[in-house]
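This is what each chain is made of:
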Amino acid sequence: NCLVASQDYRVCCQTQCESYMDVFEAAVGGPTAEPDVILTLAAKIIEENTEGEGRFPSALRQQLLKISRAHHGKVPLHGRLFAQWLHYAFPSECP
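Residues numbered from 1 in each chain as written. Predicted model: local features only at pLDDT ≥ 70, side-chain atom pairs only at ≥ 80, totals over all residues. Heavy atoms only, no water.

Draft legend 1. A look at the nonpolar core. Residues F24, I38, F56, F82, W85, L86 and F90 are the most contacted members of the largest nonpolar core, which totals 23 residues. Those elements that provide at least two residues to this core are α1 (16-28), α2 (35-49), α3 (58-69) and α4 (80-89). Among the elements that take part in this core, α2 stands out by supplying six residues, more than any other. Other than its neighbours up to four places away in sequence, F24 contacts G29, I38, L41, A42, I45, L77, F82 and L86. (Core = buried A, V, L, I, M, F, W, Y, C linked by side-chain atoms within 4.5 Å. Buried < 20%, exposed > 50% of the residue type's maximum accessible area, 1.4 Å probe, protein only. Helix = DSSP H or I, 4+ residues; strand = E, 2+ residues; numbered from the N terminus. Contact = heavy atoms within 4.5 Å.)

So, in structure tokens, the structure goes:
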């Protein structure tokens with residue numbers, strides 16, 4: 001993901017997954033979000049980047065709810081479980 005431009009610096013490109021995280025962070029404005037907010041944003045990302053409808057399988061919705069129940073109704077955006085959820089929601093973009 002980075003090119004070595006010289007011995008002192010590198011030129012790196014942002015991944016698509018990082019761009020998605022930027023969308024979540026900007027819209028939420030904090031370190032945690034409610035599952036419905038995340039699902040709405042994720043659906044919007046899908047609609048804007050594919051020709052498909054922004055719908056998620058029930059299992060992905062349930063997993064996000066499970067994460068939120070473990071954290072008092074909110075999902076930590078910078079936690080391991082949300083990163084794993086992003087991988088399942090966007091397998092090509094978030095390896």
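Draft legend 2. Structural view of the environment of T32. By secondary structure assignment, the location of T32 is in strand β3 (residues 32-33). Residues T32 and G73, spaced 41 residues apart in sequence, show a C-alpha to C-alpha distance of 9.4 Å. In contact with T32, other than residues within four places in its own chain, are K74, V75, P76 and L77.

Draft legend 3. The arrangement of α1 in detail. Helix length check: α1 (13 residues) gives 19 Å between terminal C-alpha atoms against 18 Å at 1.5 Å per residue, within 8%. Among all positions of α1, only C17, Y20, M21 and F24 are buried. The arc enclosing the buried residues of α1, seen along the axis, measures out at 100°, which places them on a common side. Packed against the buried residues of α1 are α2 and α4. After α1 finishes, the residue G29 shows a positive phi value of roughly 70°. (Expected span 1.5 Å × (residues − 1). Arc of directions from axis to C-beta.)

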